[in-house]
Amino acid sequence: MTAVPIPAPAPRARRLSATPGQIALALAIAAFLMLFLVLPVATVIYVAFTEKGTGTFTLVNFYDFVRTELFMRSLWNSFYVSAMSVVWSSVFALPLAYLTTRFAFRGAALVQTLGFLPLIMPPFVGAVAMQLFFGRNGSVNLLLDDWFGFKIDFMEGLNGVIFVQSVHYFPFILINLSAALRNIDRAMEEAAQNLGSSGFRLFRRIVFPLAMPGYLAGASLVFVKVFDDLATPLLLNVKDMLAPQAYLRVTSIGIADPMGYVISVVLIVASVVAMWLSARALRGRDYATTQRGGGGLAKRVMTPMEAILGYGVVILILALVLAPHLGLLLLSFATIWSFSPLPDAFTTAHYARVFGESSLYIKNTLIYASIAGGIDVVLGVAIAYLVLRTKLVGREWLDWMASAALAIPGVVLGIGYLRTFYGVTLPDGTPLASLWITIVLALAIRRLPYALRACYAALQQISVSLEEAAENLGATKARTVRRVVVPLMAGGILAGFVTSFSTAAVELSATLMLVQSNSDAPLAYGLYVFMQSAAGRGPGAALGVVAVILVAACTFLSHLIIERSQKAKGMGH
Amino acid sequence: MNAIASLATPAVSVDIEGVNLSYGDNHVLKDVNLAIQPGEFFAFLGPSGCGKTTLLRLIAGFNQADTGRVLIGGSDISPLPPWKRDVGMVFQSYALWPHMTVRRNVAFGLEERGVSRAEVERRVGVALDLVGLGHLGDRRPSQLSGGQQQRVAVARTVAVEPKVLLLDEPLSNLDAKMRVQVRRELRDLQQRLGLTTIFVTHDQEEANTICDRIAVMNDGTVQQVGTPMELYERPANLFVANFLGTANILEGRVKGTGADRIFEIEGGISVPVPPGAVIPEGAKLVFRPQHAELGLREPSDTASIALPGIVSHREFLGASVRYGVRVGATEVAVDQPFHSGEGLHDIGAAVSLTLPKTSMIWL
């Protein structure tokens with residue numbers, strides 16, 4: 001052994017954190033998001049904080065907002081309506097969730113499915129039908145007046161908005177809360193019983209805290225949805241809320257008026273704060289406790305009295321939340337329906353009209369929603385892959401940027417697009433903002449977070465070793481994505497597409513601002529236009545039924561395909 | 001036999017030279033050097049967190065070393081991405097693709113190599129026959145039992161005729177009975193293919209039964225390399241002695257010099273040190289439970305030493321009886337073969353523990 005010291009090998013430079021292809025992909029996605037999400041929103045914020053015409057920083061616009069009694073009332077109304085919608089949604093959702101998960105409840109699956117139904121109809125579609133049932137001269141009040149001589153103001157002013165919104169959005173709470181209740185391991189409850197707890201104390205100390213995160217997640221979603229919704233208050237002719245005010249300022253006074261932008265900023269802040277609060281409350285509280293092979297909470301058998309009460313409550317709630325669907329269906333076949341509990345006579349003329357001269361709306365919707373859904377899943381898969389499977393520096397920013405779209409109300413995005421892209425013209429002088437593709441891009445951005453979550457979840461379920469095995473056997477990264485990752489994600493990708501497609505198909509908040517000509521209008525816009533006049537209510541309702549069937553068919557289809565693909569992979573049993 | 005020969009490739013060596021790897025402040029592999037011979041069945045053995053799987057993944061290309069290199073058949077593969085390395089890995093979870101049939105799983109690597117369709121089918125057939133699953137090619141992985149899935153994973157890997165076979169705890173997802181069967185099959189398969197194979201395990205019995213040589217790892221360093229017998233009989237340090245089988249450790253001090261050296265055990269008992277024994281500074285006396293013998297009297301021969309002890313504990317194990325014997329301040333384990341009709345030592349009995357000088361290990 002000679003004692004010549006062997007120099008320690010110099011540390012090899014770490015490999016580049018990603019391949020050139022991945023970097024190019026990330027940059028392309030970032031550019032897309034910057035252009036169609038960040039830039040429009042930044043423009044809105046910029047305009048709100050600058051002096052009209054000069055571009056100097058100012059807070060005077062906000063001072064004007066605070067000084068104007070109408071705006072402050074709108075702000076308060078928006079808060080009040082959102083909060084009350086959460087309250088009423090909870091009133092609908094809690095009994096359904098609790099009864100179907102905690103008791104041996106006949107038809108629990110049916111109740112859960114029916115409870116999901118309102119989601120496939122956007123609230124503004126059901127609003128008109130709700131007027132007919134619950135309005136001052138609607139079926140219920142006519143009967144009440146006949147029999148008891150009094151009426152209830154279900155639909156007066158803000159009440160109407162609250163009623164319609166909570167009937168439509170309560171499934172968010174129902175779904176999240178049911179999932180949370182189902183995810184509680186029965187051993188949690190049994191351990192408490194074993195230690196001497198039972199009845200209401202057990203519920204209060206164990207079941208309720210464990211289910212709380214699910215409830216909060218649903219409740220915050222309802223709050224934000226209601227706060228940002230533009231179409232429902234407009235259709236119910238309630239103008240003193242924030243979203244309608246933003247819309248009305250921009251459409252009636254003009255794109256240069258700063259107040260629309262100030263209101264937009266207030267809307268964004270409210271959304272962000274609500275989401276931040278719920279995220280903060282939920283942090284570190286993933287309480288899914290079911291073990292492999294363990295069951296959910298033990299289901300109790302109801303006593304006869306409990307059963308009567310339980311089924312009564314469930315049927316009452318279901319009747320209430322399914323009323324808009326029934327109303328819409330009746331309205332679409334009605335000749336005249338006014339000042340009577342039920343329509344005078346029935347006709348199919350409205351459908352003839354919808355499929356005849358108005359079929360353009362349906363065609364446009366299918367095209368727009370398909371492209372938007374396609375963009376969303378491509379972006380969703382790419383972002384999910386970059387975030388979960390590469391070490392690209394700053395990859396989380398793509399995720400955050402894409403998810404930030406959740407906090408941007410549709411009306412704000414619409415205003416941002418108008419302002420940003422109206423100045424940009426094509427060679428022939430057409431402003432970019434007036435092209436139908438702008439609507440598609442807005443829809444794609446709005447629905448991207450949903451598709452992204454679906455793709456994210458699908459990719460997370462794929463064990464990394466499945467990809468490593470492919471690489472080990474000679475497949476490059478790109479080949480591995482094509483042969484292993486994408487096929488295994490197929491169910492999730494499809495689910496993401498269908499979610500994006502079906503919600504984009506009935507989106508109105510953003511499109512209301514962006515539709516420039518009737519020939520470019522999607523279904524939701526046509527519906528809104530129809531509903532403006534009493535004569536258009538029939539065709540409008542027919543269009544609404546078409547929309548509901550479209551969304552329902554999509555939802556059903558995606559369930560079917562996911563189930564089948566899982567069965568094929570042997571994961572379904 | 002012909003079919004198997006078609007999957008066999010000339011065996012190559014694997015050399016790991018000066019490998020260091022850190023995750024942030026966590027130094028996972030510390031200057032690892034190993035030379036694995038062509039055709040050898042080699043094990044990385046150690047407790048969880050010792051770096052054995054990290055080292056295996058480094059060879060497969062899923063980890064990057066900070067320094068050092070890995071040579072296969074003498075050429076440095078460190079710069080190659082996983083898909084160019086030609087080292088077949090069987091994953092702990094098997095990593096069978098659920099969207100493909102067994103046959104398509106096995107065909108995957110061959111397809112990626114651009115092998116002709118007819119040749120792919122032929123070699124898939126050979127590989128599946130090799131693991132005895134030729135009849136299950138059209139099943140989905142989820143329709144197979146754990147043992148069958150494991151065999152598909154092996155078939156998928158050997159079908160591409162890799163230069164080296166890497167097995168990441170391949171038996172850990174099987175029940176105890178299957179484990180014994182499958183480890184024999186693995187050994188048999190490796191012998192027939194003559195493939196250099198590296199096997200990662202935390203189970204010393206698995207490593208002992210099927211591997212030619214073992215690298216015992218702890219805390220990111222290789223503690224000792226050797227055949228199972230060498231490691232057991234001549235452990236290099238206390239970690240190896242403890243990790244492979246049960247070791248009795250008596251602490252004490254060496255006193256005197258030359259032929260008069262004695263080892264004074266804590267508790268005041270001293271034994272003569274065999275002449276010529278090399279005892280490092282601060283060493284402990286180590287011996288295996290079955291190497292000592294319990295008797296009532298001290299032995300008269302000079303090939304053994306005797307330690308006085310008190311029986312404090314007794315477990316009947318069937319073929320043998322394990323006694324806990326208090327020697328000084330330490331309780332040691334002593335295994336005695338059980339012969340029916342023979343009396344057992346009672347708890348509390350004073351006994352003499354006889355230990356052959358050849359069985360004394362100084363660590």
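Residues numbered from 1 in each chain as written. Chains lettered and ligands numbered in written order. Predicted model: local features only at pLDDT ≥ 70, side-chain atom pairs only at ≥ 80, totals over all residues.

What about unusual backbone geometry?
Of note in the backbone geometry, Asn237 of chain A takes a positive phi value of approximately 65° without being a glycine. Within the secondary structure, Asn237 of chain A sits in the loop between helix H10 (231-235) and helix H11 (242-253). Classification of Asn237 of chain A by C-beta neighbours within 10 Å gives exposed; the count is 11. Unusually for a residue other than glycine, Glu161 of chain B sits at a positive phi of about 50°. As for its position among the elements, Glu161 of chain B is in the loop between helix H5 (146-158) and strand E7 (164-168). (Helix = DSSP H or I, 4+ residues; strand = E, 2+ residues; numbered from the N terminus. Buried ≥ 20, exposed ≤ 12 C-beta atoms within 10 Å, placed from the backbone.)

Details of the nonpolar core
If you look at the biggest cluster of nonpolar residues, it comprises 271 residues, and the most contacted ones within it are Cys455 and Ala547 of chain A together with Ala155, Leu166 and Ile198 of chain B. Among the elements that make up this core, the one with the highest residue count is helix H18 (residues 436-460) of chain A (16 residues). (Core = buried A, V, L, I, M, F, W, Y, C linked by C-beta atoms within 7 Å.)

A closer look at the environment of Val273 of chain B
Residues and elements named next belong to chain B. Here Val273 shows up in the loop between strand E14 (269-272) and strand E15 (285-287). Note on Val273: 22 C-beta atoms within 10 Å, which makes it buried. Taking the C-alpha atoms as reference points, Val273 and Gly258, separated by 15 residues in sequence, lie 9.4 Å from one another.

As for the packing of helix H7 (residues 158-182) of chain A against helix H9 (residues 199-228) of chain A
Residue and element names in this part refer to chain A. Put simply, H7 and H9 touch, their axes get as near as 7 Å, and they point 160° apart. Viewed along their axes, H7 and H9 adopt a mutual orientation that is roughly antiparallel. Note on packing geometry: the crossing formed by H7 with H9 is right-handed. Where H7 abuts H9, its residues Gln165, Tyr169, Phe172, Ile173, Ile175, Asn176, Leu177, Ala179, Ala180 and Leu181 lie against Ala211, Pro213, Gly214, Tyr215, Ala217, Gly218, Ala219, Leu221, Val222, Lys225 and Val226. (Axes fitted to C-alpha atoms, helices over the stretch in contact; angles between N-to-C directions. Parallel < 35°, antiparallel > 145°, perpendicular 65-115°, else oblique. Left-handed = near helix turned anticlockwise from the far one by under 90°. Contact = placed C-beta atoms within 7 Å.)

Notes on the environment of Gly310 of chain A
Residues and elements named next belong to chain A. One can find Gly310 in helix H13 (residues 304-333). What makes Gly310 partly exposed here is the crowd of 18 C-beta atoms within 10 Å. Placed 205 residues apart in sequence, Gly310 and Phe105 show a C-alpha to C-alpha distance of 9.0 Å. Not counting residues up to four positions away in its chain, the partners in contact with Gly310 are Leu99, Phe103 and Met302.

Points about the interface of chain A and chain B
Counting residues at the interface gives 25 residues for chain A, matched by 25 residues for chain B. Breaking the side of chain A that touches chain B down by element, the ones donating at least two residues are helix H19 (464-472) and helix H20 (477-505) of chain A. A total of seven residues in the side of chain A that touches chain B trace back to one element, the largest contributor, which is H19 of chain A. Class assignment of the residues belonging to the side of chain A that touches chain B gives a composition of 12 nonpolar, six polar and seven charged. (Nonpolar A, V, L, I, M, F, W, Y, C, P; charged D, E, K, R; others polar.)

Describing the UniProt feature "domain: ABC transmembrane type-1" (unreviewed entry) in chain A
All names here are of chain A. Those places that UniProt annotates as "domain: ABC transmembrane type-1" (unreviewed entry) correspond, in this numbering, to residues 75-274 and 362-558. Counted over residues 75-274, helix gives 78% and strand 0%. Its end C-alpha atoms are 15 Å apart. As a span, residues 362-558 carries 76% helix and 0% strand, and end to end its C-alpha atoms are 20 Å apart. (UniProt positions renumbered as here; feature names shortened; annotations may be inferred.)

Remarks on the confidence of the model for chain A
When pLDDT drops low, the exact placement of atoms in the prediction is not to be read closely. Model confidence for chain A is summarised by a mean pLDDT of 82, while 92% of its residues fall at 70 or above. A low-confidence stretch, residues 1-16 of chain A (pLDDT under 50), is modelled with nine contacts involving residues beyond four sequence positions or located in other chains. (pLDDT = per-residue confidence, 0-100.)

Here we look at the sheet that holds E14 of chain B
Strand pairing in a sheet is mediated by backbone hydrogen bonds. Such pairs are either parallel or antiparallel. Residues and elements named next belong to chain B. Spatially, three strands are ordered E12-E13-E14 in an open sheet, and the strand pairing comes out antiparallel. The outermost strands of the open sheet, each flanked by one partner alone, are strand E12 (252-255) and E14. With strand direction ignored, the average angle separating the axes of adjacent strands in the sheet is 25°. When E12 meets strand E13 (residues 262-265), the two strands line up antiparallel, connected through four bridges. In the strand pairing of E13, Lys255 is matched with Ile262. (Pairing = 2+ DSSP bridges.)

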